Amino acid sequence: MVHLPPGYRRPDSVEATPTDFPDYRTTALRSPRRPLAVLPNRLTELTGPVFGEDRVQPGDADLTLANGGEAQGQRIVVHGRVVDTDGEPIPNTLLEVWQANAAGRYRHTVDNWPAPLDPYFNGAGRCVTDADGHYSFTTIRPGAYPWRNHDNAWRPAHIHFSLFGRSFTQRLVTQMYFPDDPLFFQDPIYNSAPAGVRHRMVSVYDHEATTDHWALGFRWDIVLRGREATPFETEDDDDDE
Ligand SMILES: [Fe+2]
């Protein structure tokens, strides 16, 4: 019998983010109308090659250097641990991040609001957790950006995170926020998570990780399951918002 790695067992019970959240308008069209079908993890998922282990380069975790130049903005280090319910580290897990630039704009064909693109910022990075489940990215603090969900709607500054388990079928996606963001009150994506768990998506300022004359540090630990689990998006949520 093959056992799942501890971080990727099916959840026993989850205080879940609803798939249909009226304030987040597009969920009315995207959310499933029938009960979710839980697909069993088969041998392929458990024994196949793990995505990313061999191809991630150390420079992939530094988003500030791209296209022969240095990104504009407040340089930050975002780091933390990926752990299971019991605080056990989840090593060798591929983390991918994507984010807007310092002005709040993505390098994406459908993002054309009047904020400048940064020629030296692509907005994507990746790394693999170490033996202690630790990860670290160097990037710039993303700006807030407008969207069309409601009148004068602005997304709080955030970094999208994807975590892969043993295969493509074991992927979790969520967003990391920054402490004390004044835009939380009107953001339906942040507020779609139950009130008692929203704080788990918010990083904390970390002076230990702050480097003098170089970068501010933020810490964000990711708990994959259990009572302390980080809220994750459903597969029907749009990754780009
Ligand atoms: Fe976004």
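Cut-offs and rules
- Residues numbered from 1 in each chain as written.
- Predicted model: local features only at pLDDT ≥ 70, side-chain atom pairs only at ≥ 80, totals over all residues.
- Heavy atoms only, no water.
- Helix = DSSP H or I, 4+ residues; strand = E, 2+ residues; numbered from the N terminus.
- Buried < 20%, exposed > 50% of the residue type's maximum accessible area, 1.4 Å probe, protein only.
- Contact = heavy atoms within 4.5 Å.
- Areas by Shrake-Rupley, 256 points an atom, 1.4 Å probe, with all protein chains shown as cover.
- 1 Å grid on protein atoms, 1.4 Å probe; cavity = no way out; pocket = protein on both sides within 12 Å on 5 of 7 lines; lining within 4 Å.
- Points joined across faces, edges and corners; volume = space filled by probe spheres on them.
- Nonpolar A, V, L, I, M, F, W, Y, C, P; charged D, E, K, R; others polar.
- Core = buried A, V, L, I, M, F, W, Y, C linked by side-chain atoms within 4.5 Å.
- Salt bridge = Lys/Arg side-chain N within 4 Å of Asp/Glu carboxyl O.

Peer 1: Teacher, can you tell me more about the overall build of the protein chain here?
Peer 2: Along the protein chain, the regular secondary structure elements total 3 helices and 13 strands. Out of the 241 residues belonging to the protein chain, those deemed buried represent 47%. A separation threshold of at least 6 residues defines the contact pool for the protein chain, and within that pool the share at least 24 residues apart is 71%. Within the structure as shown, the protein chain displays about 13300 Å² of accessible surface, and the carbon and sulfur contribution to it stands at 53%.

Peer 1: What am I meant to see in the environment of Pro182 here?
Peer 2: Among the secondary structure elements, Pro182 is positioned in the loop between β10 (171-177) and α3 (188-192). Measuring from C-alpha to C-alpha, the distance between Pro182 and Pro156 comes to 7.7 Å, with 26 residues separating the pair along the chain.

Peer 1: I tried to follow empty space enclosed by the protein on my own but got confused; where do I start?
Peer 2: Empty pockets left among the atoms are what a rolling probe the size of a water molecule brings to light. For the coordinates displayed, the defined rule picks out 2 cavities of 30 Å³ or more. Taken as a whole, the second largest cavity encloses approximately 40 Å³ of empty space. Taken together, Gln99, Ala100, Asn101, Arg105, Tyr106, Arg107, Leu117, Asp118, Phe121 and Asn122 make up the lining of the second largest cavity. Across the lining of the second largest cavity, the residue classes tally to 4 nonpolar, 3 polar and 3 charged.

Peer 1: I tried to follow the nonpolar core on my own but got confused; where do I start?
Peer 2: The nonpolar side chains of a soluble globular protein tend to be buried, and buried together. Membership of the largest hydrophobic core comes to 25 residues, with the highest contact counts inside it found for Val82, Leu95, Tyr135, Phe137, Phe161 and Ile222. Mapped onto this core, the elements with two or more residues apiece are β3 (75-83), β4 (94-98), β6 (134-140) and β9 (158-164). Not counting residues up to four positions away in its chain, the partners in contact with Ile222 are Arg81, Val82, Val83, Leu95, Tyr135, Phe161, Leu163, Thr230 and Phe232. By size, the runner-up hydrophobic cluster in this structure holds 12 residues, among which are Phe21, Ile189, Tyr190 and Met201.

Peer 1: Got a minute to help me understand the pattern of salt bridges in this structure?
Peer 2: Opposite charge on two side chains permits them to pair, given that their charged atoms come into close proximity. Under the definition given, this model contains 5 salt bridges. The residue Arg126 makes a salt bridge to Asp60 at a minimum N-O spacing of 3.2 Å. Taken together, the positions of Arg126 in strand β5 (residues 124-128) and Asp60 in the loop between α2 (43-47) and β1 (65-66) put the pair 66 residues apart, joining distant regions of the chain. Here Glu70 ties to Arg75 by a salt bridge, and the two come within 2.6 Å at their closest N and O atoms.

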